[in-house]
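Structure at a glance
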Amino acid sequence: MQSFDEMIQMVKRRSERKRVVVAAAADTHTLEAVFAAVRDGIVSPVLVGDKARIQEILAEMGVRVPDCDLYNEPEPEGAAARAVSLIREGKGDFLMKGRLETAQMLRPVVNRQTGIGTGRLMSHFTIFEAPHYHKLFLAVDGGMVTYPTMEQKRGILENTVEVLHRLGYENPKVGILTAVEKVNPKMPETVEADMLFQMYRRGEITGCTVAGPISLDIAMDAEAARIKGYDSPVAGDADVLVVPNIHVGNVLGKSVTVIARGKMAGFIVGAQVPIILTSRSSSAEEKYLSIVLSSAVAGA
């Protein structure tokens, strides 16, 4: 896909509304995003949190939800636990964090007895629209796995490719991002990137085309790849950048959104349903786009 507008139109064409369960929903930006998606026919909301405050915000917005879809849990921990239980009961298709800490949201998610984990690695699926790149692209993982091992990088890659297949991608192009494009034993990220590339060549990683180690300029700029003599279908046309650690992913993502004024959307993959964990400072637009993305993936 070349833009978020293309994704929005794709989701709007679907007849079925997905049910988003919002934990600690008494947050204006979150509810603005949710009801923008409601107006677009994308979701139906299930709201969990401080019921009185939620109703105040809804009244200010001039909207309402049926009382059966509004659950009173004033404390953040209780709201998160109730939201997760509603997912387990089949009353929602994906989960969204409202006004609470990420750790408070994830604690009931990963609970072995009552959570919605699958036993797989959970990673952050983050997709960007940048002003000067010709299509949407991903940088993973910039929000969940801090210092991934080589096996965890493989898990992040496979999580990401699986979601892209659900979105209609047949063979996404994946670059294992490093500072340089040559293997250097003194730079362990390049060694792990080459190991992942060799797994791909042996057929152990499938459903995508992989290149690595590969630098950012080569992955995103065909002219840079030509000048440096890097021959790969991924060069200049990457769909996915697998970053070395959370710091690189975080800085890269904020460079796109803060400096370049690009757009982003994301959710956690690896649980039973998508989980939207946008920052409390995220704009209503970013939260709306994350709802659109999660709706496109949920149940696919």
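Located above this text is the structure these notes cover.
Summary of the structure given here. Values in this document were obtained by computation on a predicted structure and should not be read as measured data.

This part takes up the nonpolar core. Membership of the largest hydrophobic core comes to 63 residues, with the highest contact counts inside it found for Leu47, Phe125 and Leu167. Sequence-distant contacts of Leu47, defined by excluding residues within four places in its chain, comprise Val22, Ala25, Leu31, Phe35, Ile54, Leu58, Val65, Asp69, Leu70 and Tyr71. Judged by nonpolar contacts, the second largest core, of 24 residues, contains Ala24, Tyr71, Ala79 and Met105.

For the rest of this paragraph, the subject is the packing of helix α2 (residues 28-39) against helix α11 (residues 284-297). Packing of α2 against α11 leaves a shortest axis separation of 8 Å and a crossing angle of 45°. One element, α2, and the other, α11, form an angle in the oblique class. Handedness of the crossing formed by α2 with α11: right-handed. Taken together, the residues of α11 that come into contact with α2 (itself represented by His29, Thr30, Glu32, Ala33, Val34, Ala36 and Ala37) are Ala284, Lys287, Tyr288 and Ile291. For the contact of α2 with α11, the residue count by class is seven nonpolar, two polar and two charged.

This part takes up the pairing of strand β5 (residues 123-129). Of all seven residues that make up β5, six are buried, and the element is covered over most of its length. Relative to strand β10 (residues 263-269), β5 runs antiparallel, the two being bridged by seven bridges. The residue of β10 that forms the bridge with Thr126 is Gly266. As judged from the two bridges shared by β5 and strand β6 (residues 137-140), these two strands associate in the antiparallel manner. Paired with Phe128 across the two strands is Phe137, which belongs to β6.

So, on to a nonpolar patch on the surface. Nonpolar side chains collect at one region of the surface, where Val183, Val191 and Met195 lie side by side and expose about 210 Å² of accessible area between them. Assignment of secondary structure puts Met195 in helix α7 (residues 188-201). Relative accessible area serves as the criterion here: at 37%, Met195 is assigned to the partly exposed category.

Enumeration over the complete set of coordinates arrives at four aromatic pairs. Among the aromatic side chains, those forming a connected cluster through ring pairs are Phe128, Tyr133 and Phe137.

So, on to helix α1 (residues 4-12). Owing to its 3.6 residues per turn, the α-helix brings residues three or four apart onto one side. Within α1, burial applies to Phe4, Met7, Ile8, Met10 and Val11. End-on, the buried residues of α1 take up no more than an arc of 160°, which puts them together on one face. As for α1, its buried residues are in contact with β5, β10 and α11.

How each quantity is defined
- Residues numbered from 1 in each chain as written.
- Predicted model: local features only at pLDDT ≥ 70, side-chain atom pairs only at ≥ 80, totals over all residues.
- Heavy atoms only, no water.
- Core = buried A, V, L, I, M, F, W, Y, C linked by side-chain atoms within 4.5 Å.
- Buried < 20%, exposed > 50% of the residue type's maximum accessible area, 1.4 Å probe, protein only.
- Contact = heavy atoms within 4.5 Å.
- Axes fitted to C-alpha atoms, helices over the stretch in contact; angles between N-to-C directions.
- Helix = DSSP H or I, 4+ residues; strand = E, 2+ residues; numbered from the N terminus.
- Parallel < 35°, antiparallel > 145°, perpendicular 65-115°, else oblique.
- Left-handed = near helix turned anticlockwise from the far one by under 90°.
- Nonpolar A, V, L, I, M, F, W, Y, C, P; charged D, E, K, R; others polar.
- Pairing = 2+ DSSP bridges.
- Patch = residues over 30% accessible without salt bridge, like charges linked within 9 Å, V, L, I, M, F, W, Y side chains within 5 Å.
- Areas by Shrake-Rupley, 256 points an atom, 1.4 Å probe, with all protein chains shown as cover.
- Salt bridge = Lys/Arg side-chain N within 4 Å of Asp/Glu carboxyl O.
- Phe/Tyr/Trp six-rings, centres within 6.5 Å; stacked < 30°, edge-to-face > 60°.
- Arc of directions from axis to C-beta.

It is worth stressing that arrangement in space is one thing and function is another; only the former is reported here.
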